[in-house]
Amino acid sequence: MKIVVPGGTGQVGGLLRRALVADGHEVTVLSRRPERLEDGVRHAVWDGRTLGAWADEVDGADAVVNLAGRSVSCRYTDANLRQMMSSRVDSTRVVGQAIERADAPPRVWLQMSTATIYADARSRGDGLPHDEATGVLGGDEPDVPLYWEYSVRIARRWEEAQAEADVPGTRRVALRTAMVMTPDRGGVFDYLSWMARLGLGGPVDGGRQHVSWIHGEDFARAVALLLEREDLDGPVILAAPEPVEQRELMRSLRTAWGGRPGLPATRLMAEVGALVLRTDTELLLKSRRVVPRRLLDAGFAFRHPTWHDAAADLAAQRRRVARV
Ligand SMILES: NC(=O)c1ccc[n+]([C@@H]2O[C@H](COP(=O)([O-])OP(=O)(O)OC[C@H]3O[C@@H](n4cnc5c(N)ncnc54)[C@H](OP(=O)(O)O)[C@@H]3O)[C@@H](O)[C@H]2O)c1
């Protein structure tokens, strides 16, 4: 297939590009910077907001996988939240416009979204995880900070921007993705491993909040399935079938890094730590508990279904990356 990947320069983009090229696809990345990527990947410049010559890449392509969006690993200041919103909504809208105007529109448009769209799992009452059929979208939970509600609103507007496009011939899927764990530098796994190695990988605020995650290899395999399966459209959760409590997530990670101690942190300590790291506590404190019902029903077999094994695999890969 000829596949266009807007925003394919980041952590998830790197992993996906490599997997798509390895599967024999022709990949074109759209980025705001003229950057040289690895052999086998074409590169075109766009601004993520307005139509331009880049739209020719979409015309005649078989698929678009749009990953563009300002990183969420930052302080949730008003300015950053606005950029998190506009970079996602504007880029999705303009991808839709490029597809609308194409003479030969792509057959499928996979649009990145987030599992953060669901409510804090502790607010559900029935103790069940969210799935596509019965999950409760966030925004109305009592007692959560107002800006948590805003990140749900970003997710909803992001998906709406895809749904509103007038592209009847193109199958649309919203990828409600959990934390993508890869051994690469600068990714979530790298950051959590760094904390674990420093002895800071203990429970945060009691550690009973759930974390949903997916191994990068399974993420790429799930995308491959969604590119092929013409019967699947709408929201699809990309997460391992077994979300874990945060204290368990860190315990497995400490084991993977040779059994480090893990100091517990209070909510206040997490706030201070997040401030120092210029990130936000929502990423640590919100209970994210989703299960990939539609992928499982479609027969998708996870290579890394459990966190304990996935953490060991990723740490081994990380050690190899560090050696070369
Ligand atoms: N990583 C995860 O665990 C995870 C989980 C769920 C969802 N997601 C979502 O998946 C997407 C990719 O994640 P990632 O971790 O690869 O993120 P990333 O490393 O921050 O990469 C995102 C890419 O988006 C582009 N971008 C940033 N600001 C933009 C703007 N204002 N307009 C247009 N493009 C912009 C950048 O490309 P250029 O600078 O080259 O233009 C960047 O390489 C993001 O939307 C993220 O929210 C990620």
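Structure's up top.
This text gives an overview of the structure that appears in the document. (Residues numbered from 1 in each chain as written. Predicted model: local features only at pLDDT ≥ 70, side-chain atom pairs only at ≥ 80, totals over all residues. Heavy atoms only, no water.)

### Some words on the environment of V41
Inspection of the secondary structure puts V41 in strand β3 (residues 41-45). Each C-alpha atom, one on V41 and one on V21, is 7.6 Å from the other, the two residues being 20 residues apart in sequence. Not counting residues within four places of it along the chain, the set of residues in contact with V41 comprises R17, V21, V27 and V29. (Helix = DSSP H or I, 4+ residues; strand = E, 2+ residues; numbered from the N terminus. Contact = heavy atoms within 4.5 Å.)

### Description of the pattern of salt bridges
Two side chains carrying opposite charge are able to pair once their charged atoms lie near each other. In this structure the tally under the stated criterion is 19 salt bridges. One salt bridge connects D62 with R107, and the closest N-O pair in it is separated by 3.5 Å. Residue D62 is located in the loop between α2 (55-58) and β4 (63-66), and its partner R107 is located in the loop between α3 (78-101) and β5 (108-114); the two are separated by 45 residues in the primary sequence. Three or more residues are tied together by salt bridges with common partners; here these are K2, R42 and E57. (Salt bridge = Lys/Arg side-chain N within 4 Å of Asp/Glu carboxyl O.)

### Here we look at the layout of surface pockets
The computed volume of the second largest pocket comes to approximately 270 Å³. Along the wall of the second largest pocket there are 14 residues; nearest its centre are M195, L200, A265, M269 and G273. Going through the elements one at a time, α5 (188-197) and α8 (267-276) are the ones with two or more residues in the lining of the second largest pocket. Here the lining of the second largest pocket takes 4 residues from α8, the largest share from any one element. Among the residues making up the lining of the second largest pocket, the classes are represented as 13 nonpolar, 1 polar and no charged. (1 Å grid on protein atoms, 1.4 Å probe; cavity = no way out; pocket = protein on both sides within 12 Å on 5 of 7 lines; lining within 4 Å. Points joined across faces, edges and corners; volume = space filled by probe spheres on them. Nonpolar A, V, L, I, M, F, W, Y, C, P; charged D, E, K, R; others polar.)

### Concerning helix α11 (residues 307-323)
Between its first and last C-alpha, α11 extends 24 Å over 17 residues, near the 24 Å set by a 1.5 Å rise per residue. Those residues of α11 that fall on the buried side of the exposure criterion are W307, A310, A311, L314, A315 and R318. Across the axial projection of α11, the buried residues extend over an arc of 130°, all falling on one side. Facing away from the buried side of α11, by more than 90 degrees, are the exposed residues D309 and R323. Its buried side turned inward, α11 meets β7 (179-181), α5, β9 (213-215), β11 (244-245) and α7 (246-256). (Expected span 1.5 Å × (residues − 1). Buried < 20%, exposed > 50% of the residue type's maximum accessible area, 1.4 Å probe, protein only. Arc of directions from axis to C-beta.)

That is the geometry; function is a separate question.
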